[in-house]
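The residues making up each chain are set out below.
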Amino acid sequence: MQHIIVGAGPAGVIAAETLRKADPDADIAIIGDEPEPPYSRMAIPYYLINDIDESGTYLRDPKRHFAELNIELLQQRVETIDPSGKSVTLADGASRSYDKLLLATGSHPISPPIPGLELPQVHSCWTLEDARNIIERAQSGSNVVLIGAGFIGCIILEALVKRGVNLAVVETGNRMVPRMLDDKAGGLLETWCKNKGIDVHTSCSVDAISDSGSGVEVALSDGGKLSAALVITATGVKANTDLVAGSDIKIDQGVLVNRRMQTSDPDVYAAGDVAQGVDFSTGNFEVQAIQPTATDHGRIAALNMAGQGDEHHGTLNMNVLDTVGLISCSFGLWMGVDGGDSAELYNPDEFQYINLQFDGDHLVGASSVGKTQHVGVMRGLIESKIHLGDWKDRLLQDPTAIMEAYLACTQELSYQ
Amino acid sequence: MQKSLNIDPGKCTGCLQCEMACSYEHTGTFNPSRSYIKVFTFHHEGRFAPYTCTQCDEAWCMRACPVDAISVDITTGAKVVSDDKCVGCKVCTIACPFGTINYSQATGKVVKCDLCGGDPQCAAACPTDAITYVDADWTGYDRMQASAAKSLPSAEATA
Amino acid sequence: MSWTRKILRVDLSKGSCTSEALNMDWANQYLGQRGLASKYLTEEVDPKCDALGPDNKMIMATGPLTGTMASTGGRYSVICKSPLTGAIACSNSGGFFGAEMKFAGYDMIIFEGKSDKPVYLLIQDDKAELRSAEHLWGKSAWEADDIVRATHQDPQLRVACIGRTAEQGCLYAAVMNDKHRAAGRSGVGTVMASKNLKAVAVRGTGGIGNVNDAEAFIAATNDGKAALAENAVTGQGLPAFGTQVLMNVINGVGALPARNMRDVGFEGAENISAEAMAEPRKSDGKANLTTNGACFGCTIACGRISTVDPTHFSVKDKPQYQGASGGLEYEAAWALGADTGVDDLDALTYVNFLCNEDGMDPITYGATVAAAMEMFEDGTITTKETGGIELKFGSAEAFVAITEQFVTGEGFAKDLGLGSKRLCEKYKRPELSMTVKGQEFPAYDPRGIQGIGLAYATSNRGACHLRGYTIASEVLGIPVKTEMNDTDGKAELVKAFQDATALVDSAGLCVFTTFAWGMDNIAPQIDAACEGDWSVENCLETGERIWNMERLFNEAAGFTADDDKLPKRLLKEVIKAGPTEGQVNRLGEMLPKYYEARGWTADGKIPDETRQRLSL
């Protein structure tokens, strides 16, 4: 069996490892176009503040791991794929044939339509290369403007603050991380950031960026102007679907896959940020572009490529964020469903929030701010679709009792 | 044969000796807030339930880790966090559906049960044998794992 | 060294919270908790002050072993001048609050002054602040506990608070912590209420990492745990039956008082005993006892968790009382049961729930109701006073009804809140108050057991079994059996128990360990934990020093040898039947010997040489 995986991020690496476990004799190759060994974008913020060196971002020990598993690692750009001929063509002209192909090509940052984005002071923060550029320019005391307070924007916030820059954040939504947290939770993050000296502008967009001689000037939609030595854009990402653009493989927001992570071509699979797979909560097909989904996708795709897989029930959208020390997370349908009950505790004085969303007597969504203990059980409660029974009422009274609810509903606690 | 923790909530009195032993082993302090095992109290039912990582086969935390900081201790089967590698990104804390790997603000890393390298101190400290460390055949711990797994379709779908 | 070496001082008049260093000279002399806090009280409070005025202080204090792996190392005490007795008050409690205080970094919290408005203290490690408690005032201790933990979204927050009885001025209100544990006696909760302090909520994440000799400490505490496990009382009796194991035992030996101590021996004892709690009920087939529960770090786990039959009249249509909750301990079962003549176990359990929920000392409450019942039966009190309730001995319905009124402050509540001494004085029957220094007796009749009578009479906080639990020796034979009706040697026995208990109460340990532990088990644990010399000898001397210091406080408050007495009933009215028939307490034979054993003068004063010997 010849397996080719295009893309060396978490989805690709997990897929290769899962394939190896499933089929000890298969030929497995990962082809990635970035110059570094497979690394994790999730680790970039920690690289930015020198918590780790570059090798600390690597997904696996590049010297030994892939060789030990007999996984070929090819640093090459895949130029085209030929689904009918079951082969890929590399930038150096070589061609590789496959039995099963996995597209794990990830995504790329969107460039917002802002005049001046091409200026040398403007960067996205997506690759290790980007991170190196930011480290060089984001020196202590310099003014930095971050465009976008979404998930990516927020994970690099702390790194920038710790580097000692004067930071301003501009977000078009009415709150920070609008696609991850509701008004109250997003509001807590905003207040928190402002208390930390970050200049936060929500419901505000950037009209233009212009050269001011010593740096750039950022013109805001509310008429304000910010001067900056560095502008970082983090306004979202888009699936890297170019490779299949000319083929018959169906694309929507990303490459469409079924519950086996199979594209419209049965021998081509897709996983991770590029894949538009089934969402656990809605049953709809969506691009989630989050780390846990990438690894789940990689594993499910690989098992199916090896003929051992099953239909997947869908990946749960979830995020965890550390915004300058304030930890927040959300799961599933955190915004709730029509006719569902919800429970909420909001303590703005202490930056605490928990919100649970129910459909009937099971949990379908949850979000929290200021919590670090047992947050994963919110995933457990949602994905297991446990009927909470009486415990739903108790959670409506005290939504912090999620772990107790989970234990009471799944474990044998009785002893009388 | 590998051993596993066997937890019998029916024997637990809620004394928290396990939490103290765990925190003492891992931090050198008597400090339940930093214990990796946690006793949950059910006031209304008059019950206590110690709970910690089941070292589940799916290893959700390990799979979700973006920097390979969680590995399997081959002698005990425990999924162990490497402090050197963990960057504190917390992805594992939302990936683990059992809520048993948690971020520690004290260390900036995630923490979880590591079975104390094969001599779990919670079991040693438990005065009522509510927590024991036994051959992993069909223990209450297995039942706990199984009932948890059964509740998670995602664990079944790809097993 | 195990002390955090830090005190939190809360000035409620100013609204300030400041931390200061613990006086380590005093710590070395008085160890911690009861002893050390009493030292602070003695130094800082005028013993003649109004207990409910701003000049009184309330100290919450832990011991050096609180929050450690030592078995039962989770205790804390509340120390102040008592509004019930006017003497020094020190009420000890388990649960989880004390350890949490320690983890937050404080050996003690000293509350002084009085707040203008209701407040609660929130402690999150080194952050301490007073918050408005206007929304908590008027709430039960359980409700307040729930609201505070929900507000701060932290189920691990440990809360000590007062219920409505304290707010209403009941003179024997408790400070409740962790819902079911109480610093119960002498009205320490009333003092808290007088300061407009509703609750103290604490969360500590620092732990205890400064044990003096960690290796020796783990070894000594492991030895201690093994000794508790092997002992029949602490290893089997207490976990299985709780302190309630005593109900049938004490009744059997002829020392269970009943009906305001008018009688000795209670025909309904079996119905309210540990055995009855464990037996499936006829009505619903379930036992009253749901399980046993432990306080922080306790390997004994004597705590009772009970569930009342949901169809029982007391909880019917009250779902909030149909779940498991803190069940009857022996002293409460006696005071609420035998002393009132009520033998309906579920009714008593429900009344006990209410005592926990609204924070009144069940011993004093039960004994006060008992005194009222005696006055009702002889016509001194009528339905006019009780609001129509037929307050007769043995009536569970009346007891439940009057308790429900009591917690909400209705009906006869004001009078019952006085305690039996003031209540009986008010109705001109002072001889019916079964108290010493104004505090009610617990569950052992001094006519049947001589030594406990001396312990009651000389207790520094008024009648109390926990100041010198000679029952261990006189009934159970621990450490050696002494005859119940002998007075010989009881002076020395009482002194030894009082001193040892003072030390245990100052260490952070539970006195129940002493069923299995002697000072030779306890001293090594303290010695390994703390710097300094904590040999057996020094521990005992420390206990004696503490006892004498408390006595000095009381002396300065105006107490004399004349207050070391028992009610006439116990000295003159003989036991009418049973194995102890014909007996009275012979305090007069023991008291002079006790003063002598203590090195006091014949009129109970502490002479200079005794002060000097104890460095007082």
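Draft legend 1. Up close: the packing of helix α18 (residues 450-458) of chain C against helix α24 (residues 587-598) of chain C. Residues and elements named next belong to chain C. Closest axis-to-axis distance for the α18/α24 pair is 10 Å, and the angle between their directions is 60°. Considered as vectors, α18 and α24 are oriented oblique to each other. In this structure, α18 crosses over α24, and the sense of that crossing is right-handed. The residues of α24 that touch α18, namely those facing Gln-450, Gly-453, Leu-454, Ala-457 and Thr-458, are Leu-587, Met-590, Leu-591 and Tyr-594.

Draft legend 2. Layout of the interface of chain A and chain C. At the junction of the two partners, chain A supplies eight residues and chain C supplies five residues. Every element with two or more residues in the side of chain A that touches chain C is listed here: β24 (342-347) and β25 (352-359) of chain A. Tallied by class, residues from the side of chain A that touches chain C come to three nonpolar, three polar and two charged.

Draft legend 3. Local environment of unusual backbone geometry. All names here are of chain C. Residues Ile-478 and Pro-479 are joined by a peptide bond in cis, for which omega reads -5°. The residue Leu-31 is not glycine, and still its phi comes out positive at about 65°. Take Leu-31: it is sitting in the loop between α1 (24-30) and α2 (33-44). Residue class for Leu-31 comes out buried when judged on the 32 C-beta atoms lying within 10 Å of it.

Draft legend 4. Representation of the sheet that holds strand β6 (residues 95-97) of chain A within the structure. All names here are of chain A. Read from one edge of the open sheet, three strands run β4-β5-β6, paired in antiparallel fashion. Each edge of the sheet is formed by a strand with only one pairing partner; in this case those strands are β4 (78-82) and β6. The sheet shows a mean angle of 20° between the axes of neighbouring strands, taken without regard to direction. Of the strand pairs in this sheet, strand β5 (residues 87-90) and β6 are connected by three bridges, and their pairing is antiparallel. Note that in β6 the partner of Val-88 across the bridge is Arg-96.

Draft legend 5. Focus on the sheet that holds strand β7 (residues 100-103) of chain A. Residue and element names in this part refer to chain A. Read from one edge to the other, the open sheet built from five strands follows the order β3-β2-β1-β7-β19, with strand pairing classed as parallel. Two strands in the sheet have a free side with no partner beyond their single neighbour: β3 (71-75) and β19 (268-270). Neighbour-to-neighbour, the strand axes of this sheet turn through a mean angle of 20°, independent of strand direction.

Draft legend 6. Broad picture of the pairing of strand β2 (residues 38-42) of chain B. All names here are of chain B. With five bridges joining them, β2 and strand β3 (residues 47-51) adopt antiparallel strand pairing. Looking at β3, one finds that Lys-38 is bridged to Tyr-51. In this antiparallel pair of consecutive strands, β2 and β3, the connection spans four residues, and Gly-46 shows a positive phi of 65°.

Draft legend 7. Seen up close, helix α7 (residues 214-230) of chain C. Residue and element names in this part refer to chain C. The end-to-end C-alpha separation of α7 is 24 Å, in line with the 24 Å expected for 17 residues at 1.5 Å each. Turning to α7, its buried residues number three or more, namely Phe-217, Ala-220, Thr-221, Gly-224, Lys-225 and Leu-228. Taken end-on, α7 shows its buried residues confined to a sector of 140°, consistent with a single buried face. The outward face of α7, more than 90 degrees from its buried face, is lined by the exposed residues Glu-215 and Glu-230.

Draft legend 8. Highlighting the domain arrangement of chain A. When its domains are assigned, chain A resolves into domain 1 (2-108 + 238-305), domain 2 (122-233) and domain 3 (325-410). Across the boundary between the two partners, domain 2 of chain A contributes eight residues, which contact 12 residues of domain 3 of chain A.

Draft legend 9. Structural detail: the confidence of the model for chain B. All names here are of chain B. A residue-level look at chain B finds 86% of positions with pLDDT of 70 or above and a mean pLDDT of 88. Low pLDDT, under 50, characterises residues 153-159; the stretch is placed with 15 contacts to residues that sit more than four places away or in other chains. Scored as a complex, the prediction yields pTM 0.94 and ipTM 0.96.

Draft legend 10. Highlighting helix α1 (residues 17-27) of chain B. All names here are of chain B. For α1, the tally of buried residues reaches eight of 11 residues, placing the bulk of the element in the interior. Listing the buried residues of α1 in full gives Gln-17, Cys-18, Glu-19, Met-20, Ala-21, Cys-22, Ser-23 and Tyr-24. Packing partners of the buried residues in α1 comprise β2, β3, α4 (121-125) and β8 (131-135). Once α1 finishes, Gly-28 follows within two positions and takes phi at roughly 75°, a positive value.

Draft legend 11. Spatial organisation of the interface of chain B and chain A. At the junction of the two partners, chain B supplies 37 residues and chain A supplies 48 residues. Contributions of two or more residues to the side of chain B that touches chain A are made by β2, β3, α2 (60-64), α3 (91-95), β6 (102-104), α5 (140-150) and α6 (153-157) of chain B. In terms of residue class, the side of chain B that touches chain A is built from 23 nonpolar, nine polar and five charged.

Draft legend 12. Local environment of the packing of helix α9 (residues 390-397) of chain A against helix α10 (residues 402-410) of chain A. All names here are of chain A. Look at α9 against α10: their axes get within 10 Å of each other, and the N-to-C directions meet at 175°. By the angle between their directions, the pair α9 and α10 is classed as roughly antiparallel. Every residue of α10 that contacts α9 at Trp-391, Arg-394 and Leu-395 is listed here: Ile-402, Ala-405, Ala-408 and Cys-409. When grouped by side-chain class, the residues that make up the contact of α9 with α10 number six nonpolar, no polar and one charged.

Definitions and limits used
- Residues numbered from 1 in each chain as written.
- Chains lettered and ligands numbered in written order.
- Predicted model: local features only at pLDDT ≥ 70, side-chain atom pairs only at ≥ 80, totals over all residues.
- Axes fitted to C-alpha atoms, helices over the stretch in contact; angles between N-to-C directions.
- Helix = DSSP H or I, 4+ residues; strand = E, 2+ residues; numbered from the N terminus.
- Parallel < 35°, antiparallel > 145°, perpendicular 65-115°, else oblique.
- Left-handed = near helix turned anticlockwise from the far one by under 90°.
- Contact = placed C-beta atoms within 7 Å.
- Nonpolar A, V, L, I, M, F, W, Y, C, P; charged D, E, K, R; others polar.
- Buried ≥ 20, exposed ≤ 12 C-beta atoms within 10 Å, placed from the backbone.
- Pairing = 2+ DSSP bridges.
- Expected span 1.5 Å × (residues − 1).
- Arc of directions from axis to C-beta.
- Domains from an automatic or database assignment.
- pLDDT = per-residue confidence, 0-100.

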